[in-house]
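# Overview (structure and organization)
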Amino acid sequence: MKRDLRNVVVSVALVGFLVSGCASSAAPVGEVTSSTTQGIQVDDRLLTIDVTIQRILLDPDGALSDDEIIQSATSGGMSAVINPAG
């Protein structure tokens, strides 16, 4: 189960990274371009990308504790923050 969670987290992070690359422009740093399409806005100078994932996608059965989710993300080279429901 933990291995499946790690695979899901890594897959979602990879998709987020790829999608952010599709939304970025080829303009030089500091040059502003405009586009009529909506996409993920990414500052090319950032070293991290934050991705918010609903808990139901990571743990559909509700079997994992918050600590297990955080530990699984950490073992995959990522960090996780659990937001309280609400």
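Residues numbered from 1 in each chain as written. Predicted model: local features only at pLDDT ≥ 70, side-chain atom pairs only at ≥ 80, totals over all residues. Heavy atoms only, no water.

The next subject is the environment of Ser79. Looking at where Ser79 falls in the secondary structure, it is placed in the segment after helix 3 (66-75). Classification of Ser79 by relative accessible area gives exposed; the value is 69%. Counting along the chain gives 29 residues from Ser79 to Asp50, while the straight-line C-alpha distance between them is 9.6 Å. (Helix = DSSP H or I, 4+ residues; strand = E, 2+ residues; numbered from the N terminus. Buried < 20%, exposed > 50% of the residue type's maximum accessible area, 1.4 Å probe, protein only.)

For the chain, mean pLDDT is 74; residues scoring 70 or higher make up 64% of the total. By mean pLDDT, the top-scoring element of the chain is helix 3 (89), and the lowest-scoring one is helix 1 (residues 2-23) (68). (pLDDT = per-residue confidence, 0-100.)

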